[in-house]
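# Per-entry structural report
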Amino acid sequence: MRIDRAFLRSKVARRIFILFITCAILPITALAIVSYDRVTSQLEHQSQTRMFQGAKSAGVVILERLLFVSTGMKTLSSSLDNGSLFPYQPSTKIPMEALITRCFKSLAVITPKGKYVPLYGRMAEVPSLNAADVQHLSSGKLLLTTPNESGRPPRILLRIALKSEPEGQSQLVGEIKDAYLWDNVADTALPPNAELCVLDNSGRMLFSTLPGLRSLPQKYISDMVQTHVGEFEWQYGKTDYMAIYWSLFMKYEFRTPNWIVVMSESKADVLAPTDDFKKSFAVILLLTLWAVLLLSFKQIQRSLVPLEKLKEGTQRIASRDFQTRVKVKSGDEFEELAESFNSMAGRLGRQFNTMITMNEMDRSILSALDTEKIVTAVLPRLQELFPCDCAGIALFSQKNELQGEMYVKAGRSTERIRLESIKVTPQDAQELCANPETLLIHVKSETPLYLAPLSELGMKLFLALPVLVDKKLSGVMALGFRDPAALAEEDQLPARQLADQVAVALSNAKLLEAVEELNWGTLYALARAIDAKSPWTAGHSERVTELALKIGRAMGLSDDELKDLQRAGLLHDIGKLGIPGEILDKPGKLTESEYDLMREHAQLGARILEPITAYAKVKPLVLHHHENFDGSGYPDGLSGERIPLGARIFGLADKYDALTSDRPYRPAKNRDEVREFIIARTGYEFDPKVVDAFLKVLAQEAYEPSVQNALGRSK
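This text gives an overview of the structure that appears in the document. Note that the structure is a prediction, hence the values are computed from the model and not measured.

For the rest of this paragraph, the subject is the sheet that holds strand 12 (residues 403-410). Taken together, six strands build an open sheet; the order of strands is 13-12-11-16-15-14 and the sheet is antiparallel. Each edge of the sheet is formed by a strand with only one pairing partner; in this case those strands are strand 13 (418-423) and strand 14 (439-442). Direction aside, neighbouring strands of the sheet carry axes that sit 25 degrees apart on average. With six bridges joining them, strand 11 (residues 390-396) and strand 16 (residues 472-481) adopt antiparallel strand pairing.

The next point concerns the packing of aromatic side chains. Using the criterion set out here, one finds seven aromatic pairs in the structure. Taking the centre distance of 6.1 Å and the plane angle of 40 degrees together, the rings of Phe232 and Tyr245 count as tilted. Linking Phe232 in strand 8 (residues 229-236) with Tyr245 in strand 9 (residues 239-248), this pair joins segments that are 13 residues apart in sequence. Per residue, the accessibility class of Phe232 equals that of Tyr245, and both read buried. When the centroid spacing of 6.2 Å and the interplanar angle of 40 degrees are considered together, the rings of Trp234 and Tyr236 count as tilted.

Next up on the list: the sheet that holds strand 6 (residues 194-199). Strand pairing in a sheet is mediated by backbone hydrogen bonds. Such pairs are either parallel or antiparallel. The antiparallel open sheet is built from five strands, whose spatial order is 7-6-10-9-8. Two strands close off the open sheet at either side, each with one partner strand: strand 7 (205-208) and strand 8. Here the average twist between neighbouring strands, direction ignored, is 25 degrees. Two elements, strand 8 and strand 9, share eight bridges in a ladder whose sense is antiparallel. Counterpart to Gly230 in the pairing with strand 9 is Tyr245. Relative to strand 8, helix 6 (residues 218-226) is tilted by about 160 degrees, and along the sheet it contacts strand 8, strand 9 and strand 10 (259-266).

The next subject is the packing of helix 16 (residues 540-554) against helix 17 (residues 559-571). It is the contact of helix 16 with helix 17, at a shortest axis distance of 8 Å, that shows an interaxial angle of 160 degrees. With respect to helix 17, the axis of helix 16 lies roughly antiparallel. Regarding helix 16 and helix 17, the two cross each other, and that crossing is right-handed. Of helix 17, the residues touching helix 16 (which contributes Ser541, Glu542, Thr545, Ala548, Leu549, Gly552 and Arg553) are Leu562, Leu565, Gln566, Gly569 and Leu570. Class assignment of the residues belonging to the contact of helix 16 with helix 17 gives a composition of five nonpolar, five polar and two charged.

Turning our eyes to something else, we now look at a nonpolar patch on the surface. On the surface, Val12, Ile16 and Phe20 cluster together into a nonpolar patch covering about 190 Å² of accessible area. Taking relative accessible area as the criterion, Ile16 reaches 30% and is therefore assigned partly exposed.

Let us look at the layout of surface pockets. Each pocket or cavity is described by its volume, and for the largest pocket that value is around 1900 Å³. Forming the walls of the largest pocket are 39 residues, and the residues nearest its centre are Phe52, Leu597, Glu600, Leu604 and Arg607. Those elements that provide at least two residues to the lining of the largest pocket are helix 1 (11-81), strand 8, strand 9, helix 19 (592-599) and helix 20 (601-609). Ranked by the residues each element gives to the lining of the largest pocket, the list is headed by helix 1, at 12 residues. Tallied by class, the residues present in the lining of the largest pocket amount to 17 nonpolar, 12 polar and 10 charged.

Further remarks concern the nonpolar core. Judged by nonpolar contacts, the single largest core of 48 residues is most densely connected at Leu172, Ile176 and Trp259. Counting residues per element, this core draws most heavily on helix 1, which supplies 11 residues. Core analysis: the next-biggest nonpolar cluster, separate from the first, contains 31 residues, Ile551, Leu621, Ile649 and Phe694 among them.

Rules used throughout
Residues numbered from 1 in each chain as written. Predicted model: local features only at pLDDT ≥ 70, side-chain atom pairs only at ≥ 80, totals over all residues. Heavy atoms only, no water. Pairing = 2+ DSSP bridges. Helix = DSSP H or I, 4+ residues; strand = E, 2+ residues; numbered from the N terminus. Axes fitted to C-alpha atoms, helices over the stretch in contact; angles between N-to-C directions. Phe/Tyr/Trp six-rings, centres within 6.5 Å; stacked < 30°, edge-to-face > 60°. Buried < 20%, exposed > 50% of the residue type's maximum accessible area, 1.4 Å probe, protein only. Contact = heavy atoms within 4.5 Å. Parallel < 35°, antiparallel > 145°, perpendicular 65-115°, else oblique. Left-handed = near helix turned anticlockwise from the far one by under 90°. Nonpolar A, V, L, I, M, F, W, Y, C, P; charged D, E, K, R; others polar. Patch = residues over 30% accessible without salt bridge, like charges linked within 9 Å, V, L, I, M, F, W, Y side chains within 5 Å. Areas by Shrake-Rupley, 256 points an atom, 1.4 Å probe, with all protein chains shown as cover. Salt bridge = Lys/Arg side-chain N within 4 Å of Asp/Glu carboxyl O. 1 Å grid on protein atoms, 1.4 Å probe; cavity = no way out; pocket = protein on both sides within 12 Å on 5 of 7 lines; lining within 4 Å. Points joined across faces, edges and corners; volume = space filled by probe spheres on them. Core = buried A, V, L, I, M, F, W, Y, C linked by side-chain atoms within 4.5 Å.

Given below as structure tokens:
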């Protein structure tokens, strides 16, 4: 296809062309960037979660193997302590040979005088112990060490004290086999494509699935030693890795500082799903650019001829030649524009004033976000634009198009707008759809039912302007005239334009209402999904939200604050999606570790909501809804007014619903008992102001049923 580029000499043509390209490319590029960023963040988050679970699993496997070895060591020491094996000699036949050959490189007894008596294999000299280590062994516990021996691979030594002798106390020392401790750990615990490293507390590498890796970057080791869990990124060779580390607590059992389990995944593997996205986006971008080029060239060429004529006519008008006329037969909006231009030339003064008024109304209409505001912005000014005696805007029901309501404005500008119900017959609706621009109705015998509120005022002629939203009849704007001659033909076009603006505004309002409805529906669906994780919390989020809103209204919160409160209420337990079901449904008391995990749901919920910028005000309410007024809550121990008001409200509402509902570990308490509990905890767990509002809500709920019962008895 040959493209004539001569038309691009026109400034307007170039501007429209650039606008076409910009409007097509920028949104696609922006959407691709945002989507890529969201997908990348989600993939990284999933990888971190996967690696954290893998690190914990690997740590558990390692600890189980150490505990198994320690059990065998204790059994062996008991056998060695009986009289038949004294004194210890190299020829002594040791029991549990199968266990020893599987788990140890070498095994020896160190006598009080420092003599080595080998029992199995050949053991190199081991470092001497300090007083604290000796005391730990004397208590009957095992000692695990990884001595720092330069020039040698790290050894893992396990010691246990034998029975005392006259010269002192001997020790049984075993060097654990690397193969026993590390073999199959990766197959058992590692996610696909993950790498495992194990370090001692000094940062020395004990084990790594990466060939040739002897140590991790020193700048991360200090953080790993000081904190129990964390994340970092590092590079090995030419490969970038994302890593999660988790500390393996061993001090109580073996008196050795924590070992550090590090799980790493190649960043390229984590982000591999985005490769296809990059390739497809380039193709889509090129195809879009080509399509926009073709369409924009054709449309600009089609528009330039009438545009040139309008340009010449405008120049004549600028020279005060109001008799000029522009003839355009393009069969599209340019032809309508030419007719409007010709009308404007003869009535410039009147049109100018009309345009000012129309612009003001346009701003009012388009700035309104709900139906009633749109109507009240249009009706009072219709009589300023048109010589009508009354005006009305009828809106038809979305559920039943044959019913609706009409806003009526008549007489002086000070008269108030009234609202009346109307009916529409199928014939009237069909007639309006058949005349989408304008419909003139002369009052003779019968008037359409939807005009009844206006016909009662003695009107003789109506100009009906159908309002179509998404090609569907949504209403009608009607102007009433007692004198039919008062309606000039030139008034119909501005009236139609105004009706179109009303249609656009109503469409925007309906779209916003639909989006709002979808938003709330999604939140309620998500709340039910959260509660559905446990059969004991069904409906909990919605009940807590309802009570929190009642308390918020009692405290005089604004509509915006109540909406934030409602959103936070539905999402306040979203963090429990990350808590195992066996903890949520546990019938007995939680252990300390289980309780610590349960407490993390507030922070987890805040992290889940963090990417949603629209919920910036909601996140603090989710994060702090378990804070106590006296500062004894979690996660940050905030107190008093430092706790967001919404979080203080949720703290009470959440507690009330939890206590009045059945739980796996206790039955529900009666409301009076819970009410007294909350009163008793005022100033400690609960904000006194919130408690006062809560008690007012309870009193109101107790009053309303009693009134209804009294009314029922009176009937």
